[in-house]
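Survey of secondary and tertiary structure
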Amino acid sequence: VLLRKGLSWAGAEACPQAKGTMELILSEDGFTLRAVDERGRAWPWSMLLCALTAAELRCGGKSVVLPYDAPLLAERIALGENGTIYRLERDGEDARQLWRVSPWCRDGLTLALRLVSKLKELGKAEDMAGFMDSLPEYHRFEQVVHLDGPETAVLRQLSLDRDAETGSGGRL
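Described in the following lines is the structure provided in the data block. Small disclaimer: the values here were computed from a predicted structure and weren't measured.

As summarised here, the arrangement of the three strands in space is 1-2-3, forming an open sheet in which the pairing is antiparallel. Each end of this open sheet is capped by a strand with a single partner; those strands are strand 1 (23-26) and strand 3 (42-43). Direction of pairing for strand 2 (residues 33-36) relative to strand 3: antiparallel, over a ladder of two bridges. When the sheet's bridge partners are listed, alanine 35 is paired in strand 3 with tryptophan 43. Relative to the sheet, helix 2 (residues 45-58) contacts strand 2 and strand 3, its axis offset from that of strand 2 by approximately 80 degrees. Packing of helix 5 (residues 108-121) onto the sheet brings it into contact with strand 1 and strand 2, and relative to strand 1 it is tilted by some 160 degrees.

Shown next, in the form of structure tokens:
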């Protein structure tokens, strides 16, 4: 109900699920969102954060703040759009200040509203599939590694030996 009212407020029409229409699906807790585009392709939260990055920057924004674990693809998109990505746990107070005024980066409902609003501003409200096709290809790979020692020691050594970025885990 809240999503329907919010979409209406953003100038979008909420309608029953039908072939050829975009579908936005809030997680049970409301903190994440996934989408199905007009062609039936499913887009997870992580890719919607990348779509938001592109939409924000294409609409004239200069920077976007994202959770630490958002895909590195967002950095590539920002570089191509002459924008900046700030990440929590990496970029200090600048990231925290932007985070406070950007609820769409941590809440599924506000992401849905912001993304629909930005797509409408770009003239892509009826063509999420085309907009998603304009983004670079995305593949995500995660692996859990079991360690034979304290995690902090391993992360410290990786950051020294491999120039790994550490925050919520490590990024090589």
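Moving on, we get to the pattern of salt bridges. Considering all chains together, one arrives at eleven salt bridges under this definition. Arginine 39 is paired through a salt bridge with aspartate 133; the nearest N and O atoms lie 2.5 Å apart. Pair noted here: arginine 39 is in the loop between strand 2 and strand 3 and aspartate 133 is in helix 6 (residues 128-133), with a separation of 94 residues, a long-range link. Using a relative accessible area of 52% as the deciding quantity, one classes arginine 39 as exposed. Notably, a salt bridge pairs glutamate 75 with arginine 90, separated by 3.2 Å at the nearest N-O pair. Taken together, the residues glutamate 75 in helix 3 (residues 73-80) and arginine 90 in the loop between strand 5 (84-87) and helix 4 (92-100) connect sequence positions 15 residues apart. Looking at glutamate 75, the relative accessible area reads 24%, which means it is partly exposed. Several salt bridges share partner residues, and in doing so they unite Asp37, Arg39, Arg41 and Asp133 into one network.

Thresholds, definitions, all that
Residues numbered from 1 in each chain as written. Predicted model: local features only at pLDDT ≥ 70, side-chain atom pairs only at ≥ 80, totals over all residues. Heavy atoms only, no water. Pairing = 2+ DSSP bridges. Helix = DSSP H or I, 4+ residues; strand = E, 2+ residues; numbered from the N terminus. Contact = heavy atoms within 4.5 Å. Axes fitted to C-alpha atoms, helices over the stretch in contact; angles between N-to-C directions. Salt bridge = Lys/Arg side-chain N within 4 Å of Asp/Glu carboxyl O. Buried < 20%, exposed > 50% of the residue type's maximum accessible area, 1.4 Å probe, protein only.

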